[in-house]
Amino acid sequence: MEMGLEDLGDLALNSIVSKLDAKDSVAVSCVSKKLRVSASEESLWINHCYQDLGLSAPIDPLGNPAPSFKEESAKGEKEHFVQDPNFKCSNFWAFAQECRLFGSARYRSDNVYWAGPQETYHLWRESFHMYPWPLVKRVKRCWDGLKNWLSANFPEADATLRRGATEADIENLENILKVKLPLPTRLLYRFFDGQELTGGVGGTTLGSSLGIIGGYSFYDHFVNVYLLPLHQVILETKEISDHLCFPATSKYVIVAASSTYIGKFFFLNCTTGQLCVGTRNLVLNGEMIPCVPNALINPMPDLNNGQQQDAMLLWLEEHVRRLQNGIIKLRMDGMTRSINLFPEVPPFCSTAVTNGVQVRASAVFVPECCSVRDKSRQYLFAYSIRMRLLPEGCIVNGISFGSCQLNRRHWIICANDHVVDDINGEAVIGKFPLLYPGGEGFVYESCSDLPSSQGSIEGAFTFVPGRSRLADPKGSAFEVEVARFPLQRPDYIF
C-alpha cells in the first residue's frame, strides 16, 4: 500500500520538512493544513534564520531587535498559522514569486499571520527584495566575518562602522556622480555605510589608524586605508575627478583611501566592476593598477545564484579571509593599534633562528609608489624585519649571554632569481638594536624597488653577544640568518 505525506506521523513529517530551505518551506505550507503546521514550526524558521543570515537572535537589517522568535499572532491568540479561507495557494505563490520574498508585510496583514521566527526572516526578505537573495546572504557573511573579527580584536575600529545606507542614499550618489553602482557594492553599503573616522588630527579623519583595511609604514611613509562613507565618496570623487583624465566611457568612484597625508586612493569602475588603486603617476596621467584578478569579476545581474561579484566584494572577502587566518594581524606602535598588512605566516613571511636570535621578515607591494611606465623602478616593495632574543638568551659556542647587539647587515636582493643588489653596511636604518631575552625585540621597515613584479630578499645580520655597547664586546661576533622572503606583486592589492 502506497503512503503519502499525509499518512506520515508528525515526527517523520517534521524531519522531512526540516531538510527544506525557506523557499520550499513556504511552498509546502500551501499543500495542506498538516504540512502548514509542520512548515510553521519555530525550530524550522530559527534554523532558516541562522543558515541564511547567521542570526542567532531576532535582529532586523538595521541591527535593531526584531519581533521575538517566539511571538503571538496578530490577534494576540495562540501561535499558529492562519490563512484566509478565500485565498488560493496558487495566488499566494504567484505573489511570493513576484516579490521574491515569502510573506511581505502587506500580504501578511491581509491574508496570513506568520508566527515565531518567520517574522524576522520576512523582515530581511522584504528589506532586500530588490536584490538576488544568494547575493544578500553572501554579502552578509562577508560583513559578519569582518564584524566578528573586529569586535574580538579591534573593537575601536568596529565602532567606526556606520549604519547601513538606504536605497535613497545610494540613488542620491548615483544621480550626483552619474554612475550606477554594481549590485554587490550597493549591498555592501546597505549593510554598512563605510567608516566614520574622528580619531585623527583635530578630531578629523587625517592620521587615524582605525582603517579596517589597514596599512604599513616605512621611513616617513605611513598608510592606513579605510572605507569611505557615501557622502565622502561623492566629495572625494568630485574633487579628484577634476584633476584626472578618465576615459569618457569609464565611471570611477573612490571607495577607499588612506587616512594619512600619503595619497592612496582606490577607485571602483562602475562599468566593469574592477577596483583599481592609483600609482605615483595618478595625478600626472590617471595611472592605476587593478586590485583583483579580472577573470574573477562578474558584474552582470544573476537572479538565480550568488556568483555575481564585483571587485569590491571579492576584495573585501579576501581581506576578511586574511584576517581570520592570521595572515595579517594588529600591530601596536606606542599607544596606537592598527591592522598591519605585512604578512605573518609562510610562504609570505620567513622565520629563522640563529644562536637564540629569531628574525621574521615579510614584504608588501606599495602601489602608490610604483610606475607602470618606468621600467627601471616599476615596482616598489616595503619590507618589515622583526627580530628578538628568545627567552633562553644568546648561546654562542656553548656559552650563554644575556644580551646581544646588531652591528652589520648584508642583503642579497633578487629580481626574477637574478641578483640586482648586494648590500653590506653598518646598522639598520641608522640603529644598532640591543636585544634582551624575552624582550619586545626590535622592528624596522625599509623598502626596495625592482624592475620586475617578483623577486626576493635574503641575507644576514652580524651580532656581537653580551655587551651593552659596541665598544665593549664580550664574545665572538656571529651571523644571524634572514631567511629568504618574497617580493611579489599579489593578485589582490591592498
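Worth saying up front: this structure is predicted, and the values here are computed from it rather than measured.

J.: Mind showing me how you'd approach the packing of aromatic side chains here?
T.: Under the counting rule described, the total for this entry stands at 18 aromatic pairs. Both rings, one in Phe365 and one in Phe381, keep their centres 5.6 Å apart while their planes meet at 50 degrees; by these two values the pair is tilted. In this pair, Phe365 is assigned in strand 14 (residues 357–365) and Phe381 in strand 15 (residues 379–389), connecting sequence segments 16 residues apart. Take Phe365: its relative accessible area is 6%, and that puts it in the buried class. Counting every residue linked through ring pairs, the aromatic cluster contains Trp124, Phe128, Tyr131 and Phe191. When the ring centre of Trp133 is taken as origin, the NZ or CZ atom of Arg125, which lies over that ring, is 4.1 Å away.

J.: Could you clarify how one ought to interpret the pattern of salt bridges in this entry?
T.: Side chains that differ in charge, positive against negative, can pair when their charged atoms come close. Tallying each qualifying case throughout the model produces 19 salt bridges. With a closest N to O distance of 3.4 Å, Asp193 and Arg162 form a salt bridge. Of the two residues, Asp193 is situated in strand 4 (residues 192–195) and Arg162 in strand 3 (residues 161–163); the sequence distance between them amounts to 31 residues. Overall, Asp193 belongs to the buried group, its relative accessible area being 6%. The exposure class of Arg162 is partly exposed, given its relative accessible area of 24%. Of the charged contacts, one joins Glu167 and Arg190 as a salt bridge, the two residues approaching to 2.8 Å between their closest N and O atoms.

J.: Teacher, can you tell me more about the environment of Phe381 here?
T.: In this structure Phe381 comes out as buried when scored by relative accessible area, which is 1%. Distance in space between the C-alpha atoms of Phe381 and Gln454 is 9.8 Å, their sequence separation being 73 residues. Leave out the neighbours within four places in its chain, and Phe381 touches Val364, Phe365, Val366, Ser446, Cys447, Ser448, Leu450, Ser452, Ser453, Leu487, Gln488 and Arg489.

J.: Sorry if this is basic, but what is going on with the sheet that holds strand 14 here?
T.: Sheets are built from strands that pair by backbone hydrogen bonding, the pairs being arranged parallel or antiparallel. Strand order in the open sheet formed by four strands is 13-14-15-21, and the pairing between neighbours is antiparallel. Because the sheet does not close on itself, it has two edges, and the strands there are strand 13 (349–354) and strand 21 (442–450). Here the average twist between neighbouring strands, direction ignored, is 20 degrees. Strand direction decides the pairing type here: strand 14 and strand 15, joined by nine bridges, are antiparallel. Bridging from a neighbouring strand, Ser362 pairs with Ser384 of strand 15.

J.: Is there a simple way to think about unusual backbone geometry in this case?
T.: Only a minority of non-glycine residues have a phi that is not negative, and only a minority of peptide bonds are not trans. Cis geometry is adopted by the peptide bond preceding Pro347, which originates at Pro346 and carries an omega value of 0 degrees. With respect to the helices and strands, Pro347 occurs in the loop between strand 12 (336–340) and strand 13. Within the chain, Tyr219 stands out as a residue other than glycine whose phi angle is a positive 50 degrees. By secondary structure assignment, the location of Tyr219 is in the loop between strand 5 (214–218) and strand 6 (221–227). The backbone of Asp417 shows a phi angle near 70 degrees, a positive value even though the residue is not glycine.

J.: Looking at this structure, I do not really get helix 7 (residues 118–127). What am I missing?
T.: In an α-helix, one full turn covers 3.6 residues, which means residues spaced three or four apart are oriented alike. Among the 10 residues of helix 7, seven are classified as buried, and the element is accordingly described as predominantly covered. Residues of helix 7 that are buried: Gln118, Glu119, Thr120, Tyr121, His122, Trp124 and Arg125.

J.: Please clarify how the side chain of Asn269 should be interpreted in this entry.
T.: Here Asn269 lies in strand 8 (residues 265–269). For Asn269, a relative accessible area of 6% puts it in the buried group. Among the polar contacts listed, one links the side chain of Asn269 to the side chain of Tyr252, at a separation of 3.5 Å. Among the polar contacts made by the side chain of Asn269, one reaches the main-chain amide nitrogen of Thr271 at a distance of 2.9 Å.

J.: Please explain the packing of helix 11 (residues 183–191) against helix 14 (residues 311–324) as it appears in this structure.
T.: Packed helix pairs are characterised by how far apart their axes lie and by the angle those axes make with each other. Orientation of helix 11 relative to helix 14, taken along the N-to-C sense of each, is 55 degrees, at an axis distance of 7 Å. As far as their axial angle goes, helix 14 and helix 11 are oblique. Only Met312, Leu313 and Leu316 of helix 14 make contact with helix 11, whose side of the interface consists of Pro184, Thr185 and Leu188. Across the contact of helix 11 with helix 14, the residue classes break down as five nonpolar, one polar and no charged.

J.: Would you take a moment to explain the confidence of the model for the protein for this structure?
T.: Low pLDDT means the predicted coordinates in that region are not meant to be read closely. Averaged over every residue, the pLDDT of the protein is 85; residues scoring 70 or more account for 83%. In the model, residues 70–115 has pLDDT below 50 throughout and makes 76 contacts with residues more than four positions away in sequence or in other chains.

J.: What exactly am I supposed to notice about the pairing of strand 7 (residues 252–258) here?
T.: The side chains of a regular strand alternate between both faces of the sheet. Where burial is concerned, most of strand 7 is hidden: seven out of the seven residues are buried. Pairing between strand 7 and strand 8: five bridges, direction antiparallel. Bridge pairing in strand 8 links Tyr252 to Asn269. Connecting the antiparallel pair strand 7 and strand 8 is a turn made up of six residues.

About the cut-offs
- Residues numbered from 1 in each chain as written.
- Predicted model: local features only at pLDDT ≥ 70, side-chain atom pairs only at ≥ 80, totals over all residues.
- Heavy atoms only, no water.
- Phe/Tyr/Trp six-rings, centres within 6.5 Å; stacked < 30°, edge-to-face > 60°.
- Helix = DSSP H or I, 4+ residues; strand = E, 2+ residues; numbered from the N terminus.
- Buried < 20%, exposed > 50% of the residue type's maximum accessible area, 1.4 Å probe, protein only.
- Lys NZ or Arg CZ within 6 Å of the ring centre and 35° of its normal.
- Salt bridge = Lys/Arg side-chain N within 4 Å of Asp/Glu carboxyl O.
- Contact = heavy atoms within 4.5 Å.
- Pairing = 2+ DSSP bridges.
- Axes fitted to C-alpha atoms, helices over the stretch in contact; angles between N-to-C directions.
- Polar contact = N/O pair within 3.5 Å; in protein donor to acceptor, adjacent residues only side chain to side chain.
- Parallel < 35°, antiparallel > 145°, perpendicular 65-115°, else oblique.
- Nonpolar A, V, L, I, M, F, W, Y, C, P; charged D, E, K, R; others polar.
- pLDDT = per-residue confidence, 0-100.

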